[in-house]
Amino acid sequence: AQKITQTQPGMFVQEKEAVTLDCTYDTSDQSYGLFWYKQPSSGEMIFLIYQGSYDEQNATEGRYSLNFQKARKSANLVISASQLGDSAMYFCAMREADSNYQLIWGAGTKLIIKP
Amino acid sequence: AAGVIQSPRHLIKEKRETATLKCYPIPRHDTVYWYQQGPGQDPQFLISFYEKMQSDKGSIPDRFSAQQFSDYHSELNMSSLELGDSALYFCASRTSPRGRGTEAFFGQGTRLTVV
């Protein structure tokens, strides 16, 4: 079974609009971490935001926020006021408690921002 | 700020050749992770090291080996290369394999092409 599911293979969004990238996860651990990474066409993997399973507040980092709904096991990434430079692949990843920080990755969502 | 350095950035090898990928983690980071990302795929965990000891093993082929040296840099050795080994190879580092709230910093990757 997929541990991380990103249901949107690709998205087109108008510049300056907000965008939500979906991520659902599957784990039986009580302690885990959820991550979002951005991968531009140049290939590097850029850390965006982290949410711990025990964090009560949704994580925010500048224009990025994570809509964490623990009961639904979802960790959607919200990008406010999208910019052309946000065009990239976005990966959701999870670290389980006993994984020694091995990240489990979703298939990614390709986001294209239209001018 | 210092980041994770990977070398080389690009590598072209022929089938059955060997390749060595190097990773220099962020200073004072004691844990290194290797991931393989095939074209259009999500990253797959290969292997990790903590304090120069192998800490976890993923889908690393037997033809590959890796180690972490006394200065914490790591090398991924790949022998008998196959066309399917063509991929982007990421190294990531962090400090301490346990504890919450710390993200892994990724290098820019080595793009290996096997011809």
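Presented here is a report on the structure given in the accompanying data block.

Reading guide: rules and limits
- Residues numbered from 1 in each chain as written.
- Chains lettered and ligands numbered in written order.
- Predicted model: local features only at pLDDT ≥ 70, side-chain atom pairs only at ≥ 80, totals over all residues.
- Heavy atoms only, no water.
- Disulfide = S-S within 2.5 Å.
- Helix = DSSP H or I, 4+ residues; strand = E, 2+ residues; numbered from the N terminus.
- Pairing = 2+ DSSP bridges.
- Axes fitted to C-alpha atoms, helices over the stretch in contact; angles between N-to-C directions.

### Things to note about the state of the cysteines
Then, in step 1: Evaluation of the coordinates by the stated rule reveals 2 disulfides over all chains.
Then, in step 2: With its sulfur 2.0 Å from that of its partner, A:Cys23 forms a disulfide with A:Cys92. Its S-S torsion of approximately -60 degrees makes the covalent link between A:Cys23 and A:Cys92 left-handed. Taken together, the residues A:Cys23 in the loop between β3 (19-21) and β4 (24-25) and A:Cys92 in strand β10 (residues 88-96) connect sequence positions 69 residues apart.
Then, in step 3: Here B:Cys23 connects covalently by a disulfide to B:Cys91, the sulfurs 1.7 Å from one another. Residues B:Cys23 and B:Cys91 share a disulfide whose torsion about the S-S bond is about -50 degrees; that sign makes it left-handed. Here B:Cys91 lies in strand β9 (residues 87-94) and B:Cys23 lies in strand β3 (residues 19-24), a separation of 68 residues in the sequence.

### Considerations on the sheet that holds β3(B)
All names here are of chain B.
Then, in step 1: Reading across from one edge, β1-β3-β8-β7 is the order of the 4 strands in this open sheet, with antiparallel pairing throughout. Of all strands in the sheet, those with a lone pairing partner are β1 (5-7) and β7 (64-68), marking the two edges. Strand-to-strand, the axes of this sheet are offset by a mean angle of 15 degrees, without reference to chain direction.
Then, in step 2: Sheet topology places β1 next to β3; 3 bridges connect them, and they run antiparallel. Across the sheet, serine 7 pairs through a bridge with lysine 22, a residue of β3.

That is the geometry; function is a separate question.
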